[in-house]
Amino acid sequence: MAQGMPRRLPGPGRLDVLRRLLPVPFPKFPAFLEYLVENYGHAVAFALPWRSYVFINEPALIKDVFVTQQHAFSKSMGARVLRELLGDGLLTSEDPKHRRMRRIVQPAFHRDRIRAYLQTMERCAQEFVAARTPGETLDAHEAMTALTLQIASLTLFGSDESAASSRVSEALGTLMQEFPYILGPFGTLRLRLPLAGTRRFERARRELDRVVYAMIARRREERRDRGDALSMLLAASDAETEDRPGDGQIRDEVMTLFLAGHETTANALTWTLYLLAQHPQVDARLGAAALAGDRDYVMRVVRESMRLYPPAWIIGREAKSDVTLVDGSFIPAGTTVFVAPLILHRRADAFPDPQRFDPERWNGFEPPPFAYVPFGGGARRCIGEEFAWGEAAVQRKGCGMGGRIDRDHARYEAVARAGGRKDGRESK
């Protein structure tokens, strides 16, 4: 802890913040955070009429929030809003429930299970490539969403639940369309008003519950392990208490895992195709590396893509009490603290020539601790990280088409940005 009096953080005036963020703050946040760094540094305070915020872009402070003083923080308002969509799963729950459910869910991501999932992923990727024709033009985000939906369905639900998983995906898509608006100052009120969007939201949530609870009932009656994550959850118990999760808790974890394992990966793959379309030499080398079994190069492409376009691009915490960070910065109780990997991963002192897509930067290179956090950090680091790295690598390996995707940069940029706008979630 820093000695002496806590220091107040610099930041813009409230009118400046309102001018830059209203009427819907969330889509304007990336440009706004860049503005904060350029004008006020890497630890900035700002406020809207309904809440005070701190944005930190300094690795030592991020470690302080994620690890050293993690118990002084809870999940942010964004996670509480997500609870309306996903229930009280790993992404949204607080301790001690979060610790308990993490112990229960962890076996679904054991290395033996991951190896089996990887075989499914590779088969799906090979089938996807085989179905393409030379010169074909793809809507990158649409294609990657379909591919990751297939993989999430098979690894989470098993082979004969494709119809149910498609209904789950459609309902989740409807729910996520409302998410940026729910994050606004009147989000909770919006959910109580008879608006068209609210009615769509409620219909989609009811559809989710019907589909998932019916699936859980069928699988409980069946009583066999199909090798998928749902089977593991149904058989799981807390190693410390021997408690088994009920249907409601399994529903919440299924929703969390399905969304995290499907849409975020689709966005990551879309951005990667966008980057490869701009860098044909990297695309060609990736295809050759995949054919040669050069996993090192494939992973360098994965890490570099995740650096420039992390799917969970913003992470929020809320101070439960007054907190003084390691550098003496003071954060009042109730303040929302943001970390934005999208901005953090472009710091020139951690990543030379940071705007450049350069997979070779990862050849023998490790960034400073907490300068690269695509999956968050600390006790809430994403439980599916190994699954996600494996899926991303397999899909890039399977989809290294070396020129079989149309290289219309503007088209790719439009598709990729559309995918990026969909990703309104925070990290676990």
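Here, the structure is the one placed above.
Residues numbered from 1 in each chain as written. Predicted model: local features only at pLDDT ≥ 70, side-chain atom pairs only at ≥ 80, totals over all residues. Heavy atoms only, no water.

Trainee: Please give an account of the overall build of the protein chain that cites residues and values.
Mentor: Secondary structure summary: the protein chain contains 17 helices and seven strands in total. Residues classed as buried in the protein chain amount to 56% of the 428 residues present. Relative to all contacts within the protein chain whose residues are 6 or more apart in sequence, the contacts with residues 24 or more apart total 76%. Split by element, the accessible area of the protein chain, about 18,600 Å² in all, is 52% carbon and sulfur. (Helix = DSSP H or I, 4+ residues; strand = E, 2+ residues; numbered from the N terminus. Buried < 20%, exposed > 50% of the residue type's maximum accessible area, 1.4 Å probe, protein only. Contact = heavy atoms within 4.5 Å. Areas by Shrake-Rupley, 256 points an atom, 1.4 Å probe, with all protein chains shown as cover.)

Trainee: Tell me about the packing of aromatic side chains, residues and numbers included.
Mentor: Under the definition given, this model contains 17 aromatic pairs. Seen in terms of ring centroids, Y35 and Y40 are 6.2 Å apart; in terms of plane orientation they differ by 80°. Their pairing is edge-to-face. Its relative accessible area of 15% is what places Y35 among the buried residues. By relative accessible area, Y40 is classed as partly exposed at 28%. An aromatic cluster of at least three residues, connected via ring pairs, comprises F29, F32, Y35, Y40, F46, Y53 and F338. (Phe/Tyr/Trp six-rings, centres within 6.5 Å; stacked < 30°, edge-to-face > 60°.)

Trainee: Lay out unusual backbone geometry in plain terms, naming residues and giving numbers.
Mentor: Cis geometry marks the peptide bond from L22 to P23; its omega dihedral reads 10°. You can see P23 is positioned in the loop between α1 (14–21) and α2 (25–40). Non-glycine residue D353 carries a positive phi angle of around 50°. Tracing the backbone through its elements, the reader meets D353 in the loop between α15 (341–344) and α16 (385–398). What makes D353 partly exposed here is its relative accessible area of 47%.

Trainee: Please give an account of the packing of helix α13 (residues 280–292) against helix α14 (residues 295–308) that cites residues and values.
Mentor: Relative to each other, α13 and α14 sit at 140°, their axes nearing to 8 Å. The pairing of α13 with α14 is recorded here as oblique in orientation. When the axes of α13 and α14 are compared, the crossing they make is left-handed. Judged by residue contacts, V282, R285, L286, A289 and A290 of α13 engage Y297, V298, R300 and V301 from α14. Residues of the contact of α13 with α14, tallied by class, amount to seven nonpolar, no polar and two charged. (Axes fitted to C-alpha atoms, helices over the stretch in contact; angles between N-to-C directions. Parallel < 35°, antiparallel > 145°, perpendicular 65-115°, else oblique. Left-handed = near helix turned anticlockwise from the far one by under 90°. Nonpolar A, V, L, I, M, F, W, Y, C, P; charged D, E, K, R; others polar.)

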